[in-house]
Amino acid sequence: MNPVLKTNPGNYFEDFRVGQILDHATPRTITAGDVALYLALTGSRFVLNCAEPFAHSLGFPEAPIDDWLLFHMVFGKTVPDVSLNAVANLGYAAGRFLAPAYVGDTVSATSEVIGLKENSNGETGTVYVRSIGQNQLGETVLDYVRWVMVRKRDKASPAPTTMVPALPDDVPVDALAIPDGLVLETYDTGRAGSPHRWGDYAVGERIDHVDGMTIEEAEHQSATRLYQNNAKVHFNQFEQGQGRFGRRLIYGGHIISLARALSFNGLGNAFKIAGLNGGRHVAPCFAGDTVYAWSEVVAAEPIPGRTDLGALRLRTYALKNQIAAEFPGRIDGGGYHAAVILELDYWALMPR
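Definitions and limits used
Residues numbered from 1 in each chain as written. Predicted model: local features only at pLDDT ≥ 70, side-chain atom pairs only at ≥ 80, totals over all residues. Heavy atoms only, no water. 1 Å grid on protein atoms, 1.4 Å probe; cavity = no way out; pocket = protein on both sides within 12 Å on 5 of 7 lines; lining within 4 Å. Points joined across faces, edges and corners; volume = space filled by probe spheres on them. Helix = DSSP H or I, 4+ residues; strand = E, 2+ residues; numbered from the N terminus. Contact = heavy atoms within 4.5 Å. Polar contact = N/O pair within 3.5 Å; in protein donor to acceptor, adjacent residues only side chain to side chain. Phe/Tyr/Trp six-rings, centres within 6.5 Å; stacked < 30°, edge-to-face > 60°. Lys NZ or Arg CZ within 6 Å of the ring centre and 35° of its normal.

## Quick word on the layout of surface pockets
And then number 1: When its volume is computed, the largest pocket comes out at roughly 870 Å³.
And then number 2: In terms of lining, the largest pocket is formed by 35 residues, of which the most central are Val 87, Ala 88, Val 233, Phe 245 and Leu 249.
And then number 3: Sorting the residues of the lining of the largest pocket by element identifies α3 (67-82), β3 (86-97), β6 (140-151), α6 (232-235), α7 (237-240) and α8 (252-262) as the ones contributing at least two each.
And then number 4: If one sorts the elements of the lining of the largest pocket by residue count, β3 sits on top with 6 residues.
And then number 5: Estimates place the volume of the second largest pocket at around 360 Å³.
And then number 6: Along the wall of the second largest pocket there are 17 residues; nearest its centre are Tyr 92, Asn 277, Gly 278, Gly 279 and Arg 330.
And then number 7: Elements with a minimum of two residues in the lining of the second largest pocket: β3, β9 (272-281), β11 (309-320) and β12 (340-351).

## Examining the environment of Asp 211
And then number 1: Looking at the element boundaries, Asp 211 is found in the loop between β7 (206-208) and β8 (213-214).
And then number 2: Distance in space between the C-alpha atoms of Asp 211 and Ala 156 is 49 Å, their sequence separation being 55 residues.
And then number 3: Not counting residues within four places of it along the chain, the set of residues in contact with Asp 211 comprises Arg 45, Leu 262, Asn 265, Val 291 and Tyr 292.
And then number 4: Of the polar contacts made by the side chain of Asp 211, one reaches the side chain of Asn 265; its length is 3.1 Å.

## Describing the packing of aromatic side chains
And then number 1: Inspection of the entire model under this criterion finds 14 aromatic pairs.
And then number 2: Ring centres of Phe 71 and Tyr 144 lie 4.7 Å apart, and the angle between their planes is 45°; on these two criteria the pair is classed as tilted. Placement of Phe 71 in helix α3 and of Tyr 144 in strand β6 is noted, with a sequence separation of 73 residues between them.
And then number 3: Aromatic rings pair up to connect Trp 68, Phe 71, Phe 75, Tyr 92, Phe 97, Tyr 144, Tyr 227 and Tyr 251 into one cluster.
And then number 4: Against the face of Phe 46 rests Arg 260, its NZ or CZ located 3.5 Å from the ring centre.

Following this line, the structure appears as structure tokens:
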């Protein structure tokens, strides 16, 4: 009698097929503890997520959770099925934050495999998935595409037919979801911590967010566990100590959250993330590194049908162990400055 495998070793590249639907386990009810721990890990100061009276003044029933906390909770659910055996998470596209999430909501996630491409070394391949997060009412709160490099179980296994999905360069402004009932007539820039509204930013402007944040070992481990992200590269020092870097990698999403938190200094009125146009984790980051960030205004678009609301398309770079005063980013030839660890392209809503 052959024993039945009762544990989950994770999917390898040859286990995926285009069109496959992955219904991820463990729906998660959001608690006030989740929100408090996220604040402790990032220090984010965006007032919409911090103050109930401010949220009420904008028409929200209560303070919504941080958009990136929602993203990480959905992302974490996908890891056991998509990226448990990943080498690296490569990029994002076509992301939309479709509805706010609140304490008490229960979030679940599903993914569809939309592309596969074996790498030339025959040892890994890239898997493209579209993941959605839904609340307890069945409403989609988040929708995004990511692609990840996954190990093969057997190098000799045949390569699947290559299919690389055509992905948009950006999320159109008219596709951005505006929260129901959003009102900005009494928006208080003093409470928000910045006098600068949408019209004060110019396309091409660069903003040094000035502050730096050093990542401690306990912080990035707590963040990974908060999101229930069980990718081996982030939490298993015994295994990673024998690997390429000799230590655990910091989850790239934690870098996204730190860059967003740092961006408050210069973008304090960018009160909500609405779209994720693209992103790339350029280089690894480890405990002990200090993260800095700067942003470039790529576009400034009014929201159709609104005279009180605009959207900034921002390209934010996170750096390690280097201040952002000289704005290190992409370099000639298509590469990046050695300090860059993240490039993130997104839409943020801002009062006009």
